[in-house]
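# Residue-level structural notes
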Amino acid sequence: MTHATPATVSHARMANAVRFLAADAVDKANSGHPGMPMGMADVATVLFSRFLKFDPSEPKWPDRDRFVLSAGHGSMLLYALLYLTGYEDIDIEQIKNFRQMGARTAGHPEYGHAAGVETTTGPLGQGIATAVGMALAERMMNARFSDAAVDHHTYVMCGDGCLMEGISQEAISLAGHLKLNKLIVLWDDNGISIDGKLSVSSSEDQLARFAAAGWATARVDGHDAEAVAAAIEKARESDLPSLIACRTVIGRGAPNMQGTHKVHGSPLGAAETAAARAALDWPYAPFEVPEDVLDAWRLAGIKGSALRMSWEARVSFLDQDKYDEFQRLTEGQMPGGWMSDLLAHKKALVETKPKVATRKASQDVINVLAGAIPELIGGSADLTGSNLTKADCQAPVKPGDYAGSYIHYGIREHGMAAAMNGLALHGGFIPYGGTFLVFVDYLRPALRLSALMGQRVIYVLTHDSIGLGEDGPTHQPVEHLASLRAMPNVLVMRPADAVETAECWGAALLQTKRPTVLALSRQNLPTLRAEYGPENLSAKGGYVVVEPAAPRAATLIATGSEVSLAVEAAKALEAEGVATAVVSLPCWELFDEQPADYRRKVLGETGVRVAIEAAVPMGWERYVGDTGAVIGMPGFGASAPAEKLFQHFGFTVDNAVRTVKNLLG
């Protein structure tokens, strides 16, 4: 029997297999987006059959090319390609169960559901911005381990929506500045959006826009396979990131709906799908791929095995130390010795008891960790001197020079967060990045994806309350802690002093399946930890700072800068005969994961509870109960020195004492 090869099966038939798997799956689900997969099937076929370096039998091969479907609504394009090329996670039953409960073929691609899905996409613009981080990670790993170990491309398929979202400007600007020449974006230039023709809302010249940001650009007929192939070949040789505008017809092949917004997000329906089959000469039943076409696609997938084995041979000749380090990084293993360095630092803090802002305490920790954990990659959105995110030993990453470990992201908070997701997803790095806590609103969608994908990304968010002072309510976060705590799978840590800051960093680095927010103060705070112990108390989420000799009449619970206030208030209450405990609760999420007995002992089973936090009180009721009280922010802050603001809004010893006494009657 003669098996088909990509050379003996026409490009059109291979592309039509993609088109009709997508159309059939959307029809069966009665939900989905057939237009993009049908329109970009030709481009995808060229990319996957001629250029993309991948091996379905080893889908996590470190030197594979990364493919990011930024236009995630077109997910059936990706699922069809994964099935056709032989990924075990996506068989024909998964295709038939598109968008159904429990299927790997979710409505939008979700990282972790199936091999070959490199990142979660769907929120437009996130994919292209995450891909910038992947492309940057490739160059940075290449600088450390050479072409022999790391030499691959990152391909992105995006639509008009991705390029209209503001995050895309941050992403393409950063990629152009850093000259990420291994990044190639294939734009589905179909001129259609949900509201109709794109011209109703956009008239910009995208090629000029990308060129202005330092990209190479080209425009091709997206249905001319040879033109697409030539453009990709040229892009692969460029010393700049590349945009290829692929002029396509959305829903190509559906005779009555193609080229219109009607085919974007609705099933074709039985009649239109049948008409498309006739128009494209595809006389096969739904979900049927003829043997010769499937063989051709499977051969396209199999050829990656030889490339992988050749890579394995090259990597084996690396210097042994480099080989071992490469294996450690790609497997996500932490280096030896870092925890002992951190514990020694913590011990010194307990002994010297510095009075420093927790942002400065964080920098001191970074100075300890950066030398011990080479994969720790820092950065800031143009606030390095305020966030204090750069270690003394960290050299900056520069255009064409990727050996450094600190990234100047510029004033691109959203792009920074998405790039950090890309760095983490690529593997080999643990990214952290800084901005002010109030500006988390600029990056929230990417942080949400960090959580949804379970990525170890650390957000260093400083100036965490009205304690930042005179910059006023535009810069003073009040609702932000509550909103971040509402987000699933995120650790929100607000340390009270330098010791807790060190512990929070230690806990964050051990979180391999979720991101962490470090909310850090601008103002100096006293060290509260009385004695050194190796146990990470902050990793429990909450613990007792002060325990009275007598049974508790009151418990003050606080986070961050308000813990020291609670300690002083407890002293005043004790002087009046009120036995008062103080609990530091730096991380609600970790505390809630502790055994019930531990939580009861920490919070106390007698007396009243008062929470103190310079933020909106939302959520604190779970800890103070129906008989407790919360001293929090009633609204926005104001412009004044920090000490005046704390006094004005009631964050004082006198108010804490008065609140407790009122509850006690």
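Let's shift gears to the overall build of the chain. Across its full length, the chain carries 25 helices and 20 strands. Principal-axis analysis of the C-alpha atoms places the extent of the chain at approximately 90 × 55 × 45 Å. The proportion of buried residues among the 665 residues of the chain is 60%. Considering only residue pairs separated by 6 or more positions, the chain has 79% of its internal contacts joining residues 24 or more positions apart. Carbon and sulfur atoms form 52% of the exposed surface of the chain, whose accessible area is close to 24,300 Å². Distance between charge centres in the chain, computed from 59 positive and 75 negative side chains, equals 2 Å.

All right, on to the sheet that holds strand E3 (residues 183-189) then. Across the sheet, five strands lie side by side as E1-E2-E3-E7-E6; this open sheet has parallel pairing. The sheet is open, and its two edges are formed by strand E1 (66-69) and strand E6 (216-221), each paired on a single side. The mean angle between the axes of side-by-side strands here comes to 15 degrees, regardless of whether they run parallel or antiparallel. Bridge count between E1 and strand E2 (residues 154-158): four bridges; the pairing is parallel. Of the residues in E2, the one forming a bridge with Arg-66 is Thr-154.

Another aspect to go through is helix H13 (residues 338-352). Taking 1.5 Å per residue as the helical rise, H13 with its 15 residues ought to reach 21 Å, and the 21 Å between its terminal C-alpha atoms agrees with that figure. Of all the residues in H13, the buried ones are Trp-338, Leu-342, His-345, Lys-346, Leu-349 and Val-350. Along the axis of H13, the buried residues cluster in a sector spanning 140 degrees; they form a single face. When the buried face of H13 is taken as reference, the exposed residues oriented beyond 90 degrees from it are Glu-351 and Thr-352. In this fold, the buried residues of H13 make contact with helix H14 (358-372) and helix H19 (498-509). Downstream of H13 by a residue or two, Lys-353 has a phi angle that is positive, lying close to 45 degrees.

So, on to the pattern of salt bridges. One pass over the full model with this rule turns up 30 salt bridges. Close ionic contact of Arg-64 with Glu-118 constitutes a salt bridge, the shortest N to O distance being 2.8 Å. With Arg-64 in the loop between helix H2 (35-51) and E1 and Glu-118 in the loop between helix H4 (92-96) and helix H5 (126-145), this pair connects stretches of sequence that are 54 residues apart. For the pair formed by Arg-64 and Glu-118, the shared burial category is buried.

Secondary-structure assignment places Thr-130 in helix H5. Judged by relative accessible area, Thr-130 falls into the buried class, the value being 1%. Not counting chain neighbours up to four residues away, the residues in contact with Thr-130 comprise Thr-119, Ala-418, Asn-421, Gly-422 and Leu-425.

This paragraph deals with the packing of H2 against helix H3 (residues 75-85). Close contact between H2 and H3 brings their axes to 10 Å; oriented N to C, the two are set at 40 degrees. Looking at the two axes, H2 sits oblique to H3. The two elements H2 and H3 cross, and the hand of that crossing is right-handed. On the side of H2, the interface is formed by Met-36, Pro-37, Met-40, Ala-41, Ala-44 and Phe-48, while H3 contributes Met-76, Leu-77, Leu-81 and Thr-85. Of the residues that constitute the contact of H2 with H3, the class distribution is nine nonpolar, one polar and no charged.

Using the criterion set out here, one finds zero disulfides in the structure. We note that Cys-158 lacks a disulfide partner, and the nearest cysteine sulfur, in Cys-162, lies 5.3 Å from it.

A few words on the nonpolar core. Counting residues in hydrophobic clusters, the biggest one holds 74 residues, and the most contacted among them are Leu-136, Met-140, Leu-180, Leu-183, Trp-215 and Tyr-459. Setting aside residues no more than four positions away along its own chain, Met-140 makes contact with Ile-377, Val-397, Tyr-402, Gly-404, Ile-407, Leu-423 and Phe-429. Core analysis: the second largest hydrophobic core is formed by 65 residues, Met-14, Ile-92, Ile-95 and Ala-296 among them.

Our focus in this paragraph is the pairing of E3. Most of E3 is tucked away: seven of the seven residues are buried. Because side chains alternate across E3, one face comprises the buried residues Leu-183, Val-185, Trp-187 and Asp-189, and the other comprises Ile-184, Leu-186 and Asp-188, equally buried. Both E2 and E3 contribute to a ladder of five bridges, which runs parallel. For Met-157, the partnering residue across the bridge sits in E3 and is Leu-186. Two strands pair when backbone bridges link them, and E3 and strand E7 (residues 242-247) are joined in this way by six bridges, in the parallel orientation. In the sheet register, Ile-184 faces E7, and the bridge partner there is Ser-242.

Take unusual backbone geometry next. Positive phi values are uncommon outside glycine, yet Arg-99 reaches one of about 70 degrees. The backbone of Leu-388 shows a phi angle near 55 degrees, a positive value even though the residue is not glycine. Secondary-structure assignment places Leu-388 in helix H15 (residues 384-388).

Mapped onto the fold, Leu-163 is located in helix H6 (residues 160-164). Leu-163 sits 460 residues away from Tyr-623 along the chain, and the two C-alpha atoms are 45 Å apart. If near-sequence neighbours (up to four positions away) are discounted, Leu-163 is found in contact with Ile-128, Cys-158, Ser-168, Trp-187, Gln-206, Arg-209 and Phe-210.

Within the element layout of this structure, Arg-529 appears in the loop between strand E15 (524-525) and strand E16 (543-546). Taking the relative accessible area as the measure of exposure, Arg-529 reaches 9% and is therefore buried. Polar contacts involving the side chain of Arg-529 include one to the side chain of Glu-503, which spans 2.8 Å. Those residues in contact with Arg-529 that sit more than four places away from it in its chain are Lys-346, Val-350, Lys-353, Asp-497, Val-499, Glu-500, Glu-503, Leu-537, Ser-538 and Tyr-543.

Moving on, we get to the sheet that holds strand E10 (residues 406-408). Spatially, E10-E9-E11-E12-E14-E13 is the arrangement adopted by the six strands of the open sheet, whose pairing is parallel. With partners counted over all chains shown, the strands left at the sheet margins are E10 and strand E13 (491-493), one partner each. Pairs of neighbouring strands in the sheet enclose a mean axial angle of 20 degrees, with direction left out of account. Inspection of the sheet shows strand E9 (residues 376-380) paired to E10 by three bridges, in the parallel sense. Bridged to Gly-378 within E10 is Tyr-406.

What follows is about the packing of aromatic side chains. Taken as a whole and judged by the stated rule, the model has 19 aromatic pairs. Centroid distance Phe-210 to Trp-215: 4.9 Å. Interplanar angle 90 degrees. Geometry classified as edge-to-face. Each member of the pair, Phe-210 as well as Trp-215, is classed as buried. The ring of Tyr-83 carries Arg-298 above its face, with NZ or CZ at 5.2 Å from the centroid. When the ring centre of Tyr-598 is taken as reference, the NZ or CZ atom of Lys-540 above it lies at 5.0 Å.

What follows is about the packing of H13 against H14. Relative to each other, H13 and H14 sit at 155 degrees, their axes nearing to 9 Å. Between H13 and H14, the interaxial angle falls into the category roughly antiparallel. Here H13 and H14 pass one another in a crossing that is right-handed. Counted together, Trp-338, Asp-341, Leu-342 and His-345 of H13 and Asp-364, Val-365, Val-368, Leu-369 and Ala-372 of H14 form the full contact between these two elements. A breakdown of the residues in the contact of H13 with H14 according to their chemical character gives six nonpolar, one polar and two charged.

Thresholds, definitions, all that
- Sequence order as written defines the numbering, with residues in each chain counted from 1.
- Totals for whole chains, interfaces and linings use every residue, but because this is a predicted model, local features are given only for residues with pLDDT of at least 70 and side-chain atom pairs only at 80 or more, for both listing and counting.
- Side-chain numbers here rest on the full set of heavy atoms in the structure, without hydrogens or water.
- Put simply, DSSP H or I for four residues or longer makes a helix, DSSP E for two residues or longer makes a strand, and each gets a number counted from the N terminus.
- Burial classes follow relative accessibility: with a 1.4 Å probe on protein chains only, a residue under 20% of its type's maximum area counts as buried, one over 50% as exposed, and anything between as partly exposed.
- Contacts between residues were defined by any pair of non-hydrogen atoms, one from each residue, lying within 4.5 Å.
- In short, Shrake-Rupley with a 1.4 Å probe defines the accessible areas, and a residue's cover is counted only from the protein chains shown.
- Asp and Glu are treated as the negative residues and Lys and Arg as the positive ones, with His and the ends of the chain left uncounted.
- To locate a charge, take NZ of a lysine, CZ of an arginine, CG of an aspartate or CD of a glutamate.
- Pairing between strands is defined by DSSP: at least two bridges between the two strands are required.
- Axis lines are fitted through C-alpha atoms, for helices just across the contact stretch, and the angle between N-to-C directions can take any value from 0 to 180 degrees.
- Here the expected length of a helix is defined as 1.5 Å per residue gap, with one fewer gap than residues.
- For this quantity, the arc is that covered by the directions from the helix axis to the C-beta atoms.
- Note on definitions: salt bridges are taken to be side-chain nitrogens of Lys or Arg within 4 Å of carboxyl oxygens of Asp or Glu.
- Here roughly perpendicular refers to angles of 65 to 115 degrees, roughly parallel to angles under 35, roughly antiparallel to angles over 145, and oblique to all remaining angles.
- By convention, the crossing between two helices is left-handed when the near helix turns anticlockwise from the far helix through less than a right angle, and right-handed when the turn is clockwise.
- Polar here means any residue other than Ala, Val, Leu, Ile, Met, Phe, Trp, Tyr, Cys and Pro, which are nonpolar, and Asp, Glu, Lys and Arg, which are charged; Gly is therefore polar.
- Throughout, disulfides are identified as pairs of cysteine sulfur atoms within 2.5 Å of each other.
- Remark: nonpolar core denotes a set of buried residues (Ala, Val, Leu, Ile, Met, Phe, Trp, Tyr, Cys) joined through side-chain atoms within 4.5 Å.
- Think of a polar contact as two N or O atoms within 3.5 Å of one another; within protein, one of them needs to be a possible hydrogen donor and the other a possible acceptor, and neighboring residues in sequence only count if both atoms come from side chains.
- Pairs were defined over the aromatic rings of Phe, Tyr and Trp, the Trp ring being its six-membered one, requiring ring centres within 6.5 Å. Orientation was assigned from the angle between planes: stacked under 30 degrees, edge-to-face over 60, tilted for the rest.
- Each ring is checked for a lysine NZ or an arginine CZ that lies within 6 Å of its centre and within 35 degrees of its normal; such an atom marks a charge sitting over the ring.

All quantities given are derived from atomic positions and should not be read as evidence of function.
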